[in-house]
Amino acid sequence: MTSENGVLSGEFFMQGDIACAEGAICAGCRFFGGYPITPATEVAQRMSERLPLVDGIYIQMEDELASMNAVLGASWAGRKAMTATSGPGFSLMMENLGLGIMLETPCVLVNVQRGGPSTGLPTLVSQSDMMQAQWGSHGDYSIIALAPSSPQELFDLTIHAFNLAEIYRTPVLVMTDADVGHMTEKVVIPPPQEIEIVPRRKPTVPPEEYLPYRIPEGEWVSPMAVAGDGYYIHTTSLTHDERGYPATGGDAVQWQLIQRLIDKIEKNKDEIILLERDSLDDAEVAVVSYGMAARTSIWPIQMAREEGIRVGLLRMVTVWPFPDEHIRDL
C-alpha cells in the first residue's frame, strides 16, 4: 500500500536494490544523482520512478565523478541525497568522497559490489571493495560503512546510513553486493511514523553570528546551514578554519582538523558499530564475516554444530569503523 505522501508501507516481495531505494525515500532522501552500472542500476531506475512522486529530484549525470559532486551540492542545498554505483564507478567517486569528508557533507553512497579489477565481470558477485571503502580516497580520515546481508537489511540499513550521515555530518557507505542487490525476498516497510528519522541540525544563532565550522563545546560537528536560507556559507576542500576559509597555520591547523574528522567517528565507535552474535557462548571456533558471506556461513555452522563442533558467528553489520576491540575480546 502507499501512504498519502507517496511513501510506501506494508509487506512486499522486493529486490534488494529496490528495497535500498525505498529505504532512502523513507529516510527522507529527495535527491539522487547517478549513472547506470551493473549491478546497481536498479537503484537508480527505482529512484527515477519514485522521486517525482514524493517531490524529489532524480538526475542522471554524465559520469560517476559528476554524480558524487551533484550529491554533495544537493546536500548543501538542504536535500538528503544519495548515489549508487559499483566497481569502476566507485573508483571514480573516490576523489569526491574525500571532498565530502573534508566538507563534512551528509550523504549516502551505495556500492553494489561486483567482480573486478577494472571492468571485470559485472554480473559476478564480490566483496572486494571493502578495503577501498576505508582507504580509497587519499589522506587521513575515518568512515562509516555498513554491510547488509538481505533485501530487508538493505532497506533498514539505508535508513540507518542516512541517520548516521546527519549525526556525524559525513558521507556514509552502504557496501552491499550483486547477490544481495539482485535477491528478491520479503521486505516489510513500516508506516512512516514508526521509522526513526534523524533530521538535519540547523543553526540556532542569527546569520551574522554563524560560522560554518564552529564546533559547540562537547560536540563533534557544527550545525549545518542550508545554502539560500540567509546564512553566509563558505567552504573549501583545503584545510580550513571555523569560517570555512583556507587555514594557513601550518601542520598544527592541519592536524587539529584531521584529528577531529577521525575522532568524530573513532571515538564514537560504541554508538556506531552494529554486530550480530550467534552461538558464541560455548564456541571453540568463531566465524567472523559480513554481508552475503556471513549469510552463506550460517548453513556450514549449523552442519558443524550437528557434528559436535562448537562453531559460532560474529557478523559485522558495521565494517568501518572496524570493531577491533570486539574481535580481540572474541
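Summarised in this report is the structure supplied together with it. (Residues numbered from 1 in each chain as written. Predicted model: local features only at pLDDT ≥ 70, side-chain atom pairs only at ≥ 80, totals over all residues. Heavy atoms only, no water.)

Here we take up the side chain of Ser 297. Take Ser 297: it is sitting in the loop between α11 (291-295) and α12 (298-306). Among the polar contacts listed, one links the side chain of Ser 297 to the backbone oxygen of Ala 293, at a separation of 2.8 Å. Setting aside its immediate chain neighbours within four residues, Ser 297 contacts Val 287 and Ser 289. (Helix = DSSP H or I, 4+ residues; strand = E, 2+ residues; numbered from the N terminus. Polar contact = N/O pair within 3.5 Å; in protein donor to acceptor, adjacent residues only side chain to side chain. Contact = heavy atoms within 4.5 Å.)

Below, the discussion takes up the packing of aromatic side chains. Two measures describe an aromatic ring pair: the distance that separates the ring centres and the angle between the ring planes. Applying the stated criterion to the full structure yields 4 aromatic pairs. Plain terms: the ring middles of Tyr 210 and Tyr 231 are 5.2 Å apart, the flat faces sit at 75° to each other, and that makes the pair edge-to-face. Here the residue Tyr 210 occupies a position in the loop between β8 (184-189) and α9 (251-266), and Tyr 231 occupies one in the loop between β8 and α9, the gap between them amounting to 21 residues. Residues Tyr 210 and Tyr 231 agree in their burial class; the two are buried. Measuring from ring centre to ring centre gives 6.1 Å for Trp 320 and Phe 322, while their planes differ by 50°; the resulting arrangement is tilted. When its relative accessible area of 10% is taken as the criterion, Trp 320 is described as buried. Given the relative accessible area of 33%, Phe 322 is considered partly exposed. (Phe/Tyr/Trp six-rings, centres within 6.5 Å; stacked < 30°, edge-to-face > 60°. Buried < 20%, exposed > 50% of the residue type's maximum accessible area, 1.4 Å probe, protein only.)

The subject of this paragraph is the environment of Ser 118. Within the secondary structure, Ser 118 sits in the loop between β5 (107-113) and α6 (130-135). Classification of Ser 118 as exposed rests on a relative accessible area of 61%. C-alpha of Ser 118 to C-alpha of Gly 89: the two residues are 29 residues apart in sequence and 9.7 Å apart in space.

Before going further, it helps to spend a moment on the sheet that holds strand β4 (residues 80-85). Ordered by their spatial adjacency, 7 strands build an open sheet running β3-β2-β4-β5-β7-β6-β12, and the pairing between neighbours is mixed. The open sheet has two edge strands with one neighbour each: β3 (57-60) and β12 (318-320). Across this sheet, the average inter-strand angle for adjacent strands is 25°, counted without regard to direction. Packing of helix α7 (residues 151-168) onto the sheet brings it into contact with β2 (29-34), β4, β5, β6 (144-146) and β7 (171-177), and relative to β7 it is tilted by some 160°. (Pairing = 2+ DSSP bridges. Axes fitted to C-alpha atoms, helices over the stretch in contact; angles between N-to-C directions.)

A word on the pattern of salt bridges. All told, the structure shown has 18 salt bridges when counted by the stated rule. Across the salt bridge formed by Arg 46 and Glu 22, the nearest N and O atoms sit 2.8 Å from each other. With Arg 46 in helix α2 (residues 41-50) and Glu 22 in helix α1 (residues 16-26), the pair connects residues that are 24 residues apart, well separated along the chain. We note a salt bridge from Glu 22 to Arg 50, for which the minimum N-O separation is 2.8 Å. Of this pair, Glu 22 sits in helix α1 while Arg 50 sits in helix α2, and the two are 28 residues apart along the sequence. Pair check on accessibility: Glu 22 and Arg 50 agree, each one buried. Here the salt bridges share partners, and the residues they tie into one network are Glu 266, Lys 269, Asp 324 and Arg 328. (Salt bridge = Lys/Arg side-chain N within 4 Å of Asp/Glu carboxyl O.)

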